[in-house]
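Observations on the model geometry
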2 protein chains.
Amino acid sequence: METISVKDVFKNYKQLKRVKLAGWVRTNRDSGSLGFISFTDGTSINSIQLVYKKQETSNFEEARTTKTGSAILIEGDVVESLKENQHFEILVKDFKMLKQADEDFPLQKKEHSAEFLRTIAHLRHRTNKYSAIMKIRSELAFAIHNFFHMNDFSWVSTPILTGNDAEGAGENFIVRSKNNELFFDKQASLTVSGQLHAEAYAQGLKRVYTFGPTFRAEKSNTNRHIAEFWMIEPEIAFCGLNQLTLLIEAFVKYLIRFVLKNCKDEMIFLNKLSGEQLIPKLENVINNDFVKLSYKDAIAILKKSISENKTNFEDNEIYFGKDLASEHERFLCEKVFNKPVILTDFPKEIKAFYMKLNNDGTTVAACDLLVPGVGEIIGGSQREDDYKKILNRCLKMGIKPEEISWYLDLRKYGYYKSAGFGLGFERLIMYITDTSNIKDVIPFPRSYGPINF
Amino acid sequence: METISVKDVFKNYKQLKRVKLAGWVRTNRDSGSLGFISFTDGTSINSIQLVYKKQETSNFEEARTTKTGSAILIEGDVVESLKENQHFEILVKDFKMLKQADEDFPLQKKEHSAEFLRTIAHLRHRTNKYSAIMKIRSELAFAIHNFFHMNDFSWVSTPILTGNDAEGAGENFIVRSKNNELFFDKQASLTVSGQLHAEAYAQGLKRVYTFGPTFRAEKSNTNRHIAEFWMIEPEIAFCGLNQLTLLIEAFVKYLIRFVLKNCKDEMIFLNKLSGEQLIPKLENVINNDFVKLSYKDAIAILKKSISENKTNFEDNEIYFGKDLASEHERFLCEKVFNKPVILTDFPKEIKAFYMKLNNDGTTVAACDLLVPGVGEIIGGSQREDDYKKILNRCLKMGIKPEEISWYLDLRKYGYYKSAGFGLGFERLIMYITDTSNIKDVIPFPRSYGPINF
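Source: prediction; values computed, not measured. (Residues numbered from 1 in each chain as written. Chains lettered and ligands numbered in written order. Predicted model: local features only at pLDDT ≥ 70, side-chain atom pairs only at ≥ 80, totals over all residues. Heavy atoms only, no water.)

**Side note on the interface of chain A and chain B**
On the side of chain B, 105 residues touch chain A, which itself brings 105 residues to the contact. Across the interface of chain A and chain B, roughly 9100 Å² is buried in total on both sides, 63% from carbon and sulfur atoms. In this assembly, chain A and chain B are joined by 6 salt bridges. The interface formed by chain A and chain B contains 42 residue pairs in polar contact (both at pLDDT 80 or more). By residue class, the composition of the side of chain A that touches chain B is 50 nonpolar, 29 polar and 26 charged. (Contact = heavy atoms within 4.5 Å. Buried area = accessible area lost by both parts, 1.4 Å probe. Salt bridge = Lys/Arg side-chain N within 4 Å of Asp/Glu carboxyl O. Polar contact = N/O pair within 3.5 Å; in protein donor to acceptor, adjacent residues only side chain to side chain. Nonpolar A, V, L, I, M, F, W, Y, C, P; charged D, E, K, R; others polar.)

**Focus on the domain arrangement of chain A**
Residue and element names in this part refer to chain A. We note that the domain assignment places domain 1 (6–99) and domain 2 (121–440) within chain A. The C-alpha centroid of domain 2 is placed 45 Å from the C-alpha centroid of domain 1. Each partner contributes residues to the interface: domain 1 has 5 residues there, and domain 2 has 7 residues. Across the domain 1 to domain 2 interface the summed buried area is about 570 Å²; carbon plus sulfur atoms make up 40%. For the domain 1 face of the interface with domain 2, the top three residues by lost area are Arg26, Ile45 and Asn46, together amounting to 79%. If you look at where domain 1 meets domain 2, you find 0 salt bridges. Applying the counting rule to domain 1 against domain 2 returns 4 residue pairs in polar contact (both at pLDDT 80 or more). Looking at side-chain class alone, the side of domain 1 that touches domain 2 contains 2 nonpolar, 2 polar and 1 charged residues. (Domains from an automatic or database assignment.)

**Things to note about the packing of aromatic side chains**
Enumeration over the complete set of coordinates arrives at 68 aromatic pairs over all chains. Relative to Phe88(A), the ring of Phe10(A) has its centre 5.1 Å away and its plane inclined at 65°; by these criteria the two rings are edge-to-face. Placement of Phe10(A) in helix 1 (residues 6–12) and of Phe88(A) in strand 5 (residues 88–99) is noted, with a sequence separation of 78 residues between them. Judged by its relative accessible area of 26%, Phe10(A) falls in the partly exposed class. Between Phe211(B) and Trp230(B), the aromatic rings sit 6.0 Å apart at their centres with planes inclined by 75°, giving edge-to-face as the arrangement. One end of the pair, Phe211(B), is in strand 10 (residues 207–215); the other, Trp230(B), is in strand 11 (residues 228–237), and 19 residues separate them in sequence. The same class applies to Phe211(B) as to Trp230(B), namely buried. Joined through ring pairs, the aromatic side chains of Phe142(A), Phe147(A), Phe148(A), Phe153(A), Tyr209(A), Phe251(A), Tyr254(A), Phe258(A) and Phe421(A) make up one cluster. Cation over ring: Lys351(A) sits above Phe346(A), and NZ or CZ is 4.2 Å from the ring centre. (Phe/Tyr/Trp six-rings, centres within 6.5 Å; stacked < 30°, edge-to-face > 60°. Helix = DSSP H or I, 4+ residues; strand = E, 2+ residues; numbered from the N terminus. Buried < 20%, exposed > 50% of the residue type's maximum accessible area, 1.4 Å probe, protein only. Lys NZ or Arg CZ within 6 Å of the ring centre and 35° of its normal.)

**Section: helix 13 (residues 425–433) of chain B**
Residue and element names in this part refer to chain B. Of all 9 residues making up helix 13, 9 are buried, and the element is well covered by its neighbours. Within the sequence span of helix 13, burial applies to Phe425, Glu426, Arg427, Leu428, Ile429, Met430, Tyr431, Ile432 and Thr433. Downstream of helix 13 by a residue or two, Asp434 has a phi angle that is positive, lying close to 60°.

**Considering the sheet that holds strand 1 (residues 18–30) of chain B**
Neighbouring strands of a sheet are bound in pairs by backbone hydrogen bonds; such pairs are parallel or else antiparallel. Residues and elements named next belong to chain B. In space, the 5 strands of this closed barrel follow the order 1-2-3-5-4, with mixed pairing throughout. Across the sheet, the axes of successive neighbouring strands diverge by a mean angle of 55°, strand direction being ignored. Pairing geometry for strand 2 (residues 34–40) and strand 3 (residues 48–53), over 6 bridges, is antiparallel. Across the sheet, Phe39 pairs through a bridge with Ile48, a residue of strand 3. (Pairing = 2+ DSSP bridges. Axes fitted to C-alpha atoms, helices over the stretch in contact; angles between N-to-C directions.)

**Looking at the packing of helix 4 (residues 128–150) of chain B against helix 7 (residues 264–273) of chain B**
All names here are of chain B. Two elements in contact, helix 4 and helix 7, have axes separated by 10 Å at closest approach and are oriented at 125°. Regarding the angle of helix 4 to helix 7, the classification is oblique. Considering how the two elements wind past one another, helix 4 and helix 7 form a crossing that is left-handed. Along the contact surface, helix 4 presents Asn128, Lys129, Ala132, Lys135 and Ile136, while helix 7 presents Glu266, Met267, Phe269, Leu270 and Leu273. (Parallel < 35°, antiparallel > 145°, perpendicular 65-115°, else oblique. Left-handed = near helix turned anticlockwise from the far one by under 90°.)

**Points about the nonpolar core**
Soluble globular proteins: nonpolar side chains tend toward being buried together. Counting residues in each nonpolar core, the largest one holds 237 residues, and the members touching the most others are Phe425(A) and Phe425(B). With residues up to four places along the chain from it excluded, the contact list for Phe425(A) reads Arg137(A), Leu140(A), Ala141(A), Ile144(A), Phe211(A), Trp230(A), Met231(A), Ile232(A) and Trp155(B). (Core = buried A, V, L, I, M, F, W, Y, C linked by side-chain atoms within 4.5 Å.)

**With respect to the sheet that holds strand 16 (residues 418–424) of chain A**
All names here are of chain A. Across the sheet, 8 strands lie side by side as 6-10-11-16-15-14-13-12; this open sheet has mixed pairing. A single partner strand is all that each edge strand has here, and the edge strands are strand 6 (154–155) and strand 12 (291–294). Sheet topology places strand 11 (residues 228–237) next to strand 16; 5 bridges connect them, and they run antiparallel. Following the sheet pairing, Ile232 is matched in strand 16 by Leu423. Relative to strand 12, helix 9 (residues 295–307) is tilted by about 90°, and along the sheet it contacts strand 12 and strand 13 (341–347). Running over the sheet, helix 10 (residues 326–336) touches strand 12, strand 13, strand 14 (363–371) and strand 15 (375–382) and is turned about 65° from strand 14.

**Re the pairing of strand 14 (residues 363–371) of chain B**
All names here are of chain B. Within strand 14, 9 of the 9 residues are buried, which leaves the element mostly enclosed by the surrounding structure. Relative to strand 14, strand 13 (residues 341–347) runs antiparallel, the two sharing 6 bridges. Paired with Leu343 across the bridge in strand 14 is Asp368. Taken together, the 6 bridges between strand 14 and strand 15 (residues 375–382) define a ladder with antiparallel strand orientation. Note that in strand 15 the partner of Asp368 across the bridge is Gly379. In textbook terms, the turn of a hairpin is the stretch between consecutive antiparallel strands, and for strand 14 and strand 15 this stretch comprises 3 residues, one of which, Gly373, has a positive phi near 95°.

**Some points on the packing of helix 9 of chain A against helix 10 of chain A**
Residue and element names in this part refer to chain A. Between helix 9 and helix 10, the least distance of the axes is 11 Å, while the angle of their chain directions is 80°. The orientation of helix 9 with respect to helix 10, classified from their angle, is roughly perpendicular. Of helix 10, the residues touching helix 9 (which contributes Ala298, Ile301, Leu302 and Ser305) are His328, Phe331, Leu332 and Val336.

So, in structure tokens, the structure goes:
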């Protein structure tokens, strides 16, 4: 007899009679002649209740002594369950220990703090919550590839090791060979963004996206920052800012719909943990048009709200040219509109050198997507297509043009328009799983301090 | 009128009358009153011939002076072509220059050497050949995600920055913060494999795979080595070596079928370049069962072939315990069997510490997939599940157990069986696109020496 997955048992339990299962023991308790194992194999967030009986189960004593975490193989009958909220259970006929776990398996209790679980990052996905988050992470990644593939984008792997430090707004990691020697002909660092390279590929393949790891050697240890995280960066030739905002809205809605449909059990579980807040929040996003608002209008709204005493920020000094903080962004999407807001046309001084200068000479064709509960999760822009203008912006912002001459040169060869955005993958997962610490949505988080695992 | 993609024009040219296109000029020539532009927009390897006429095309003079590489927008009629091998062309009614290219656009000629094109890695995908390779790269990546998703695998992002140097068989890159200081509490390096972390996740999620960049600070500058490349590493709990070889065969065949079906035009183009060798080679792979052969039997075959003068290797010293070279591997799959061969059960001395010791005490449950034309492209194994045995192997091979205690500890908590393999993504693309240099199948290759782009 072949083994069947827990997922498939849940799908077909009404038709199933005898099943064979291989997986792990979550809990095990018995009362002498009768015992219960909560059983999982990682294919479903739902555990199956295995019932074993002295009179009916071969190797009954072995079953009794099975410890949490052990791998077992069982054959048994699907029977109706008398327990509430449980449609079926398995009466074990044949029990086989595959590998007994040690006493000290750390996941004995039902509840552990997120802090403690971070110290056992190699085991925490064996809990309900983390297996749900990691399953959603995987499904979201698939949804992203799917969305772009459907829309004729090519996936481009932009380099992790780079020689140009132009975007070094944050702190870069440097890379050397052993013995601390240079490996390349100059100092190499880890990429902070694949955008410049993606732009090169959009000039030729038209629609491309990157999906890869990026790095910041930031020493701040917040809930929202880690040193290694994954980014998604699409780039589209012959595309302007307006078309880009339409793509952003379609993309985000597709991802949320995909997860609600394909990770139903996981989302129901997380929704409960959130006090039934999570699914309504996400449904609010997919059922509403995103608000489009210019930065200038956003400033006016914030000023008005302060002057009318409708809000009080930690920082109430609002003016055109200010780089808005998270509290301002969240006020806009949570209090003013209660839905996602795409801010557009920011002052050039607070944005990157490669963004297209608008005709007003003061703003650039950039956009940020703000979502309730998190704030900014996407930043994008139309790129400056004029060689002289982008060269000027480099010089003004202290970027050495010779370091990225290949990038600037793209403008010489039929670079009409290009636009793209960046989405931090972990920020998205935090939002969709209602997880407050970024370290809990990536398998082995990296941040300033110890590096374990 | 909305623009339409070149791909869609080729699909529907029989039904189309008037079309609007935005894209780039590959070549442009004219004879005073009549001109021809080879036009592309990156959505298809096929270019469209645009015909412009003094009497019929608005902005005729602008069309005449359009340089190679320029971005244009045209509206015109789909008409039958008189040229052989070309079903249709577009008679341009309205011509609009979007962005004239500079004179010095380097891709003027039809043919350039691969060496030269590597010096313009930011532009080479604007040629037929490299756009085909990069399109296939993208489709292969999608096929990989698709295959695993269909088969209930979760994608796991294993860390790029690692603190354990256990697998440092090759040379590792080290990572520091700016000013060459340690960022973590100990020396961090760039991953050489996600396997150890994937194993942790298979214990819990059952079936997982990684797909991410890996690194080797190797100073050798061969056709087959680069410093940064992408690896695919599935890992399956409750899986032994035999089941693993079945997965490998199904996986490789799926990928080849996917590309032959979804990249038909690109494969026809590359097949021509290969002298009509490529597609028959790949069809040979999907239409045959892979050979399974023990290392021991392979040694016997090689010895016999030498003694019977059927072959003469550079290295004819064949014995049990030898780490076979590429010439031996290729002889087996090309000359002896003429199809893919999965070698199994290698002597433990030439394989990694984590591979499961067979009952004979001398071999391990490992396998290598050898394919005609390339040699090894996949290496896999069942992992050692016994804590004491793997500890012993660490000590014997000079690996400090305390450096990977978290990994060894997995064996304490219900680690029954686990198996997985590693596929070098670029090696696969080389094989499927018939490309001899690994630097030509990744957008921005990194290797010892200069780091440009």
